[in-house]
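Summary of structural features
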Amino acid sequence: MKIIQCDNVSKAYKKTKAVNKLSFSIEENTITGLIGRNGAGKTTLLKLLSGFLKTTDGEIKVFNENPFNNLNVSCNIIFIDENMSFSKQLTLDEILIATNSFYPNFDQTMSRKLLEYFSLDKNRKHSELSKGMTSTFNMILGIASHCALTFMDEPTTGMDSAVRKEIYKIMLKDYIENPRSIIISSHYLEELEDILEDILLLKEGTKFLHMPIVDLKEYAISFRGKVEDVNSLIKGRKVLYEENFGKDSIYVVIQTNNFQEDLNTAKANNIDVNSVSTNDLCIYLTSPKEGGISNVFSKE
Amino acid sequence: MILDNDNLIPIYVQIADWLENEILCGNIGSDEKIYSQYQLAEMFTINPATAAKGLNVLAAQNILYKKRGLGMFVVFNAREVIREKRKTQTLNTLALNLVIEAKRLDLDEKEILDMVSKIIEENREG
């Protein structure tokens, strides 16, 4: 069953189009990573899906309904980001109690155990927490809510890498026990990619890729070797990235339809071959201009 | 086992390889139930869909079979299938890489074979 359906969705702030003619759908009970550069439209998209913003154009269906101003959608989703505002007077414990009254599936026991695990004092006020602790608390809230649809926008901001690792592990464990749909946007893809099923890559407000992450791993391949050897091998292929180094060597990343075949050909031709990390690949794919950093410094 | 994300080998293949090793060394016997996709997902902190893909790779190679509603089980001759497969595929690739590297270093056939014989000899004593 499709839990989200977007059809030609656009959202403009004055003249800038943050989301531009975006169409995609998300299946029930999947974890999707929402990836893109700064300003690609990730946050706007999540706010549209949560019903916080109204579309300028196009149609969004969440649980088969328009999410904007929709109580049925609201009580089945939670949106976690670093700007969640809670009353300055409330302690963490009181926030948990309040959240529990909103969300019928909220797991009180787990939320308290997690507070303890991450050494968060339940009697402290939310406004007194450090940046990393705020993110940790917000994410605990998001996990324990057990909402049919959970959105997390850069949930790990400020967390140290040990906490980031652990909280994703906890999230995965909880997802296995309580399957539901989760969409996470993050700039730390390498820490997140293993727990993802699908990846939705945005570029300039529109969809660039939407595929299972295991397929993305075989979407591109990199070659490194002598310029002439590499160039003759990649004739006619789509080059995603290239960099010259040394006297006559080149590193190129090309798109591939048959990973194994390209791998074998390269090996047979004495060319160093490697896979491309998902993180690097996303950077290459969403690179705004031809060239790269060296162009900025070029004096021509 | 720790999964290696920078590896040329995709995560689901690494899972399949690990399961094969478990079968080869006898940790999981013939007609025994293998780990479920959810158990694997928890063990390796990966998405259950990725784990399922690893299991399906082995099912497609007749190393595992499905029992409806019960999960996946090890085929009675799984060890032979794995051994045969590794001999024809994995070992062949290793040999190919050996030959390529030797060519790069201008070694002739005799030098390669001598090297292999020497390693076999050393390991026999050890």
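Residues numbered from 1 in each chain as written. Chains lettered and ligands numbered in written order. Predicted model: local features only at pLDDT ≥ 70, side-chain atom pairs only at ≥ 80, totals over all residues.

**Structural notes on the overall build of chain B**
To keep things clear, this is the line we draw: Only DSSP runs of H or I covering at least 4 residues are called helices, and only runs of E covering at least 2 are called strands; the numbering of each starts at the N terminus. Radius of gyration: C-alpha atoms only; globule rule: 2.2 Å multiplied by the number of residues to the exponent 0.38. Here, residues touch in the contact sense if the C-beta positions derived from the backbone fall within 7 Å of one another.
When you go through chain B residue by residue, the secondary structure sums to five helices and two strands. For a compact globule of 126 residues, the expected C-alpha radius of gyration is about 14 Å, and chain B comes in at 18 Å, more than 25% above that figure. C-alpha extents for chain B along the principal axes are approximately 55 × 30 × 25 Å. For chain B, restricting intrachain contacts to residue pairs at least 6 apart in sequence, the fraction spanning at least 24 positions comes to 51%.

**Some words on the sheet that holds strand E8 (residues 198–203) of chain A**
Residue and element names in this part refer to chain A. Rules: Strands are treated as partners if at least two bridges between them are detected by DSSP. Axis lines are fitted to C-alpha atoms, over the contacting stretch for helices. Their N-to-C directions set the angle, which ranges from 0 to 180 degrees.
The six strands are arranged E5-E6-E7-E3-E8-E9 in an open sheet whose pairing can be described as mixed. Each edge of the open sheet carries a strand with a single partner, namely strand E5 (77–80) and strand E9 (206–212). The sheet shows a mean angle of 15° between the axes of neighbouring strands, taken without regard to direction. In this sheet, strand E7 (residues 181–185) lies alongside strand E3 (residues 31–35) in parallel orientation, the contact comprising four bridges.

**Section: the interface of chain A and chain B**
Interface size is commonly expressed as the accessible area that is lost once the parts come together. Short version of the rule: Residue polarity follows a fixed list, in which Ala, Val, Leu, Ile, Met, Phe, Trp, Tyr, Cys and Pro are nonpolar, Asp, Glu, Lys and Arg are charged, and the others, Gly among them, are polar.
Counting residues at the interface gives 18 residues for chain A, matched by 18 residues for chain B. Sorting the residues of the side of chain A that touches chain B by element identifies helix H6 (161–177) and strand E13 (272–275) of chain A as the ones contributing at least two each. Take the side of chain A that touches chain B: its biggest share by element is four residues, from H6 of chain A. By residue class, the composition of the side of chain A that touches chain B is six nonpolar, four polar and eight charged.

**Here's the deal with the sheet that holds strand E1 (residues 2–13) of chain A**
Residue and element names in this part refer to chain A. Spatially, three strands are ordered E2-E1-E4 in an open sheet, and the strand pairing comes out antiparallel. Two strands bound the open sheet, and with one partner strand each, they are strand E2 (16–27) and strand E4 (57–62). Adjacent strand axes in the sheet meet at a mean angle of 15° when their direction is disregarded. Where E1 meets E4, five bridges bridge the pair, whose relative direction is antiparallel. Bridge pairing in E4 places Asp 7 opposite Glu 59.

**Thoughts on the pairing of strand E10 (residues 220–226) of chain A**
Residues and elements named next belong to chain A. Keep this limit in mind: Three exposure classes are used, based on other C-beta atoms lying within 10 Å of a residue's own C-beta, which is placed from the backbone: buried for 20 or more, exposed for 12 or fewer, and partly exposed in between.
Across the seven residues that make up E10, a large majority, five, are buried. Across seven bridges, E10 lies against strand E12 (residues 249–255) in antiparallel orientation. Bridge pairing links Arg 224 to Tyr 251 in E12.

**What to know about the packing of helix H1 (residues 11–24) of chain B against helix H4 (residues 78–104) of chain B**
All names here are of chain B. Filter applied, for reference: Orientation labels follow simple angle bins: below 35 degrees gives roughly parallel, above 145 gives roughly antiparallel, 65 to 115 gives roughly perpendicular, and whatever is left gives oblique. With the far helix as reference, a near helix turned anticlockwise by less than a right angle produces a left-handed crossing, and one turned clockwise produces a right-handed crossing.
Here H1 crosses H4 at 125°, and the two axes come no closer than 9 Å. Accordingly, the angle class assigned to the pair H1 and H4 is oblique. Between H1 and H4 lies a crossing of left-handed hand. Seen from H1, the contacting residues are Glu 20, Ile 23 and Leu 24; seen from H4, they are Ala 78, Arg 79 and Ile 82. Classifying every residue of the contact of H1 with H4 by side-chain character gives four nonpolar, no polar and two charged.

**With respect to the domain arrangement of chain B**
All names here are of chain B. Selection criterion: Per the annotation, domain bounds derive from an automatic or database assignment of domains.
Domains assigned within chain B are domain 1 (11–77) and domain 2 (79–125). Between domain 1 and domain 2, the C-alpha centre-to-centre distance is 29 Å. With eight residues of domain 1 in contact, the opposing surface of domain 2 contributes five residues. Considering only residue class, the side of domain 1 that touches domain 2 consists of four nonpolar, three polar and one charged.

**A closer look at the packing of helix H5 (residues 131–144) of chain A against H6 of chain A**
Residues and elements named next belong to chain A. Interhelical geometry of H5 versus H6 gives an angle of 5° and a closest axis separation of 11 Å. Here H5 is positioned roughly parallel relative to H6, judged by the angle of their axes. Of H6, the residues touching H5 (which contributes Gly 132, Thr 136, Met 139 and Ile 143) are Val 163, Ile 167, Ile 170, Met 171 and Asp 174. Partitioned by chemical class, the residues of the contact of H5 with H6 number six nonpolar, two polar and one charged.

**A look at unusual backbone geometry**
Apart from glycine, the bulk of residues carry a negative phi angle, and the bulk of peptide bonds sit in the trans form. Residue and element names in this part refer to chain A. Of note in this structure, His 146 is not a glycine but carries a positive phi near 50°. Topologically, His 146 is positioned in the loop between H5 and strand E6 (149–153). His 146 sits in the partly exposed class, given 19 other C-beta atoms within 10 Å. In this model, Glu 154 sits at a positive phi of 45°, which is unusual for a non-glycine residue. One can find Glu 154 in the loop between E6 and H6. Owing to 19 C-beta atoms within 10 Å, Glu 154 belongs among the partly exposed residues under this scheme.

**Considering H1 of chain B**
Residue and element names in this part refer to chain B. Put simply, the rule is: By definition here, a helix of n residues has an expected span of 1.5 Å times n minus one.
Relative to the 20 Å expected for 14 residues at 1.5 Å per residue, H1 spans 20 Å between its end C-alpha atoms, a close match to the ideal helical length. Of all the residues in H1, the buried ones are Ile 11, Tyr 12, Gln 14, Ile 15, Ala 16, Leu 19, Glu 20 and Ile 23. Positive phi appears at Gly 26, one or two residues downstream of H1, with a value of about 85°.

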